[in-house]
Amino acid sequence: MTIDVPAVAFWVIAIILVGSALAVVVMPKIVHAALFLVAVFGAAAGIYVLLNAEFIAIVQVLIYAGAVTILILFAIMLTQNSMSRVSNPFSGQWWLAGLICVLLAAGIIFAVNSSPMAAGAASDALPLANAAGGTVVKLGQLLYSPFAYSYVLPFEIASVVLLVAIVGAIMIGREE
Amino acid sequence: MITLNHFLVLGAVLFVIGLFGALSKRNAVAILMSIEIMLNAVNVTLVAFASAILNHGGKALNGATVDSSRLTGQIFAVFIITVAAAEASVALAMIIAIYRRRNTIDVGEINLMRW
Amino acid sequence: MTPVDLVWLVPALPLAAMLIIFFGTRMVEIAVQPRPAAVPAPTDHGGHGGHGPADAATTPDTEAGHDATDQTAHTTHGAAAAGGGHGEHGGHTPFWPMLSSIIGVSALLLSFALSLLILWQFLDVNGDVFHTKNLIATGKDIHLYNWFTIGSLNYSIDFRVDTLTVVMLLVVTGVSTLVHLYSIGYMAGDPGYSRFYIELALFTVAMLILVLGANFLVLFIGWELVGLSSYLLVGFWFYHNPPPPGSEVPYPPPAQLKAFVTTRLGDFGFLIGILILFTATGTFNFIELNTKTQAMDKGLLTLAMILVFCGAVGKSAQFPLHVWLPDAMAGPTPVSALIHAATMVAAGVYLVARLFPIYEGVAGPQALAVVGYTGAFTALFAATIALTQNDIKGVLAYSTISQLGYMFAGLAVADTNTVGMYHLFTHAFFKALLFLGSGSVIHAIGAQDMRKMGGLARFMPWTAGTILVATLAISGIPPFSGFWSKDPIITTALEKGNYIIYGLTLFTAFLTAFYMFRLFILTFGGQGSFLGLWGGHDQYRGDAHPRESPRVMTFPLVVLALATILIGLAGFAGFNQGFAWFLNHGVNVDFPVAPALDANTFIGVGAGVLGILLAIAVYGYGLRLNVALASSAVTRPIYRLLYRRYFLDELYLWLIRVVVLGLSNLCALFDAYVIDGIVNGSARAVRGLGNITRRSETGILQNYGAAIFGGAMIILILVFVATGAIGR
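Everything quoted here is computed from the prediction, not taken from an experiment.

Draft legend 1. Spatial organisation of the overall build of chain B. For chain B, the helix and strand inventory stands at 3 helices and 0 strands. In chain B, the succession of helices and strands from N to C terminus is α-α-α. Here chain B, with 115 residues, has 61% of them falling under the buried criterion. Taken as a whole, chain B presents about 4200 Å² of accessible surface, with 63% of it coming from carbon and sulfur.

Draft legend 2. Molecular detail of the interface of chain B and chain A. Opposite the 70 residues of chain B that make contact, chain A presents 86 residues. Between chain B and chain A the total buried area reaches about 7000 Å² when both faces are included, carbon and sulfur atoms providing 77% of it. Three residues stand out in chain B for area buried against chain A, namely B:I2, B:F20 and B:M33, and they jointly supply 9% of the buried area on that side. For the interface between chain B and chain A, the tally reads 6 residue pairs in polar contact (both at pLDDT 80 or more). For the side of chain B that touches chain A, the secondary structure elements donating two or more residues are helix 1 (4–24), helix 2 (28–55) and helix 3 (72–102) of chain B. Ranked by residue count, the leading element in the side of chain B that touches chain A is helix 3 of chain B, at 23 residues. Of the residues contributing to the side of chain B that touches chain A, the split by class is 45 nonpolar, 18 polar and 7 charged.

Draft legend 3. Just the interface of chain A and chain C, in detail. Taken together, the contacts link 11 residues of chain A with 11 residues of chain C. Between chain A and chain C lies a buried interface of about 870 Å² when both sides are counted; carbon and sulfur atoms form 75% of it. Run the count over chain A and chain C and you get 0 salt bridges. Residue composition of the side of chain A that touches chain C, grouped by class: 7 nonpolar, 4 polar and no charged.

Draft legend 4. Quick peek at unusual backbone geometry. Geometrically, the link from C:F319 to C:P320 is a cis peptide bond, its omega value of 5 degrees lying close to zero. Looking at where C:P320 falls in the secondary structure, it is placed in the loop between helix 10 (298–315) and helix 11 (324–327). In this structure, A:N52 is a non-glycine residue whose phi angle is positive, near 65 degrees. Looking at where A:N52 falls in the secondary structure, it is placed in the loop between helix 2 (30–50) and helix 3 (54–78). Unusually for a residue other than glycine, C:M344 sits at a positive phi of about 40 degrees. Mapping C:M344 onto the fold places it in the loop between helix 12 (333–341) and helix 13 (345–354).

Draft legend 5. Up close: helix 22 (residues 575–583) of chain C. Residue and element names in this part refer to chain C. Along helix 22, the positions that sit buried rather than exposed are N576, F579, A580, F582 and L583. All buried residues of helix 22 project into a common sector of 160 degrees when viewed along the axis, lining one side. Looking at the packing, one finds that the buried side of helix 22 touches helix 3 (95–123), helix 4 (135–138), helix 5 (163–186), helix 17 (418–445), helix 19 (481–495) and helix 21 (551–572). Of the residues flanking the end of helix 22, it is H585, one or two places downstream, whose phi is positive at about 60 degrees.

Draft legend 6. Just helix 10 of chain C, in detail. Residue and element names in this part refer to chain C. When the terminal C-alpha atoms of helix 10 are compared, their 26 Å separation across 18 residues agrees well with the 26 Å that a helix rising 1.5 Å per residue should span. Those residues of helix 10 not exposed but buried are L301, T302, A304, M305, L307, V308, F309, G311, A312, V313, G314 and K315. Of the residues trailing helix 10, A317 is marked for its positive phi of about 55 degrees.

Draft legend 7. Representation of the pairing of strand 1 (residues 140–150) of chain C within the structure. Residues and elements named next belong to chain C. Where strand 1 and strand 2 (residues 153–161) come together, 9 bridges link them in antiparallel fashion. By the bridge assignment for strand 2, Y145 is matched with I157. In textbook terms, the turn of a hairpin is the stretch between consecutive antiparallel strands, and for strand 1 and strand 2 this stretch comprises 2 residues, one of which, G151, has a positive phi near 60 degrees.

Draft legend 8. Examining the pattern of salt bridges more closely. Residues and elements named next belong to chain C. Within the structure shown, the criterion is met by 14 salt bridges over all chains. Residue R160 pairs with D162 through a salt bridge whose shortest N-O separation is 3.3 Å. Considered together, R160 and D162 belong to a single accessibility category, that of buried residues. A salt bridge links D415 to K496, with the nearest nitrogen and oxygen atoms 2.8 Å apart. With a gap of 81 residues between them, D415 in the loop between helix 16 (392–413) and helix 17 and K496 in the loop between helix 19 and helix 20 (499–524) connect regions that are remote in the sequence. Overall, D415 belongs to the partly exposed group, its relative accessible area being 47%. Relative accessible area serves as the criterion here: at 42%, K496 is assigned to the partly exposed category. Connected via shared salt-bridge partners are D141, R160, D162 and R354.

Draft legend 9. Spotlight on the packing of helix 5 of chain C against helix 12 of chain C. All names here are of chain C. The interhelical angle for the contact between helix 5 and helix 12, taken along N-to-C directions, is 170 degrees, at an axis separation of 9 Å. Comparing the axis directions of helix 5 and helix 12 gives the class roughly antiparallel. Along the contact surface, helix 5 presents V175, S176, V179, Y182, S183 and Y186, while helix 12 presents T333, P334, A337, L338 and A341. Here the contact of helix 5 with helix 12 is composed, by residue class, of 8 nonpolar, 3 polar and no charged.

Quick notes on the rules
- Residues numbered from 1 in each chain as written.
- Chains lettered and ligands numbered in written order.
- Predicted model: local features only at pLDDT ≥ 70, side-chain atom pairs only at ≥ 80, totals over all residues.
- Heavy atoms only, no water.
- Helix = DSSP H or I, 4+ residues; strand = E, 2+ residues; numbered from the N terminus.
- Buried < 20%, exposed > 50% of the residue type's maximum accessible area, 1.4 Å probe, protein only.
- Areas by Shrake-Rupley, 256 points an atom, 1.4 Å probe, with all protein chains shown as cover.
- Contact = heavy atoms within 4.5 Å.
- Buried area = accessible area lost by both parts, 1.4 Å probe.
- Polar contact = N/O pair within 3.5 Å; in protein donor to acceptor, adjacent residues only side chain to side chain.
- Nonpolar A, V, L, I, M, F, W, Y, C, P; charged D, E, K, R; others polar.
- Salt bridge = Lys/Arg side-chain N within 4 Å of Asp/Glu carboxyl O.
- Arc of directions from axis to C-beta.
- Expected span 1.5 Å × (residues − 1).
- Pairing = 2+ DSSP bridges.
- Axes fitted to C-alpha atoms, helices over the stretch in contact; angles between N-to-C directions.
- Parallel < 35°, antiparallel > 145°, perpendicular 65-115°, else oblique.

Structure (structure tokens):
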């Protein structure tokens, strides 16, 4: 019996992912929650690696685990004295939110497993962490190539979105 | 054996955890973090689909022919990450602005849309 | 292209004249008029043309401020009137208004000429001239255009020219032409001169459309246009001051409203009748109705025809809707002549005559019985009122109502519509003559109360002579035209064994002769003259300086008097037989030939002569019967009753005040409490509901998010259930 290393890796990463996501939600201190968020981002990057999406994984680490987490920590730091000892409390409607979420999860999982497609292609084994070839080169061409079929224009528009977001953030955040 | 369904269920579970956080937390920053979790859940799903289509030899799951080399799912994920970064920066700026003005980021107390 | 094909020109010519005056000469008139200087506030507007009791003493220039748009004539007219008082009235008419009247008169003359051509074509039985044989038998439908079509129902504007139409065309255009001509003199210098001609032309056009209509649709358009233009004309002097209380002279603004609203009451029944007929037969066309009504339910048809007659009751001023006609005297006298002779009131008689085949042949006998008894009763009823009135136009108004009653009675008793129509025909001439003559008198002395007249025959012989002709005609004395048309009504009633109508009409003939000669003697004669008829020494009781009216006014009088005499003389040559032959589409019918010298004829004439003799005795020779009757304790209430016109106006006023206003107040209460309660209640309910539901808008974003995702979840589950995914 050979150990299916990618499968084991999947389960491990999935458990870390779900566990730290739960921790983000339930941690009473906001700083702890933010740290667990880093774990969520890292584990997600692991999932991307398993799915042969190396570029996404790297971007995930750089942007999420790096930039977004730092931003969030800054925000926590700048607003920290607003909360008392419990800086990350639940609101009064947590039970309703929980009910909705459980039912929604049940619905989605039921749909995934019972849809007509679930029986066919979706049940094929995925070649996890395929060593034969990554998709980085292909993705690079798709994003930047001026000659072949590519998403260069949407990509540039996305950069404009980012620019606008930066300007907007400055405008909103600056002192009167 | 890990199939596409595993990833889809993982994405679904992550999504509802994020949703739960977004609907039940009072700290605006916590809500923002929950939304980031939801975005990640969607990314997981999209990348899983891209991988499955690539693996399936250019056949979409419903049997239609697609150009598997286009990696649509991954492209989507890239754009989502881009937008998420933009969203995070603007949202945090807003949280800080609100904090500066009202001295709180408890969404239960921010109810200007009340009747 | 024969004259009949051009019949649309008959109404189109006056219409064109109206438009030309409206947009042409009247506009120029307004444009060229000098700006009026500041006018002192008028103190007495009643002084115009004898409309107001204080006429003779009216201060000059009262009209100057009346009507800004009609100001033109006024600077000059005021000065002229100042010198001569209102006896001379008028003064001269400036150029542009005069042009208006010339346009109006010429258009009417052309219309009349065209009508004569059409008559000629109808008489062209062998097709010698116009190559249209026997048009008299069939008439002709002239399709103008389709108004609209709904499903299989076609609403078209059609004219129909047949013998009945031709008679009405001749009467309307003939009398209207003379009235137009006469008004040049009567209205001279009036500030509203051009406006008068516009409205006069509109009136004529409306009546022509009415008589030309081949279906109820066109007829009704004309019918309502007649109502509108009579409204305009009755209220022509709307700016006059109200007369003092107790005066018999009506005040224009309420009078015009009364005319409009009262006829509208009848129109209500008329419209329902039309709609019943249309619902049952699917057509408005008169000829088609003749055949299609035969399939109708008899009772329903009779009801419909009685309702249609309601319209005729309103327009032709029959009891109980006659009250508007005496008040319509508020308009200028030429208008009264037009209303009473050719247009307006003739419309009701024409309507019954037009539908006579249905009334007589198809509907139940009750329909014609209603027509006949209403007519005969109205004839007597109005005649009794006319006995006591002092207003010269008031007497004439009630005589018109009475004569219209004769026409309806004549339509009801005879087998054809000829008898009634012949009376309409002759009556049009002598009644126009009477009114124009009375207008001449009013124009001369500026008053219309007969107590302020007397002995005028010496001052205005032409007017007196022509009115005498008309008076004899309306009294039914041979050989004048009234005899040939009125006597057949009385004798036919006797022949048909309808003794009630016979008695009523015969007694009315006596009364008619009496009150008409009372009018004549009070106006023109007096004691000490020949039979009390002609002049008399110092019999004039007024204080103006009467003189004969200008030629332009006496000329129409002479024409009408000649027509009255000639039609009467032609009766000896069988003219009325010819008329009957013509009206019955070239078929000889039995028309009661009056001068058959049988006893019945003598009874009718005898009643008239008796009335004349009585009038001469009382008013010409001072038999103080009238004073005795008016002051005797027994008859005084009756006199009061007649003098106050049976108190019907007061009764109607009371009905309106108590019943109508009471109902209105009830409705107002219902509206205020029930309707408003429902409306306000629903608003309050919505508000309350909103107060409850707005609680859901917490303003907390997470609640909204929960609602969104909760909703999405519910939809998801519903989709599963609906597609059977869960039940599988």
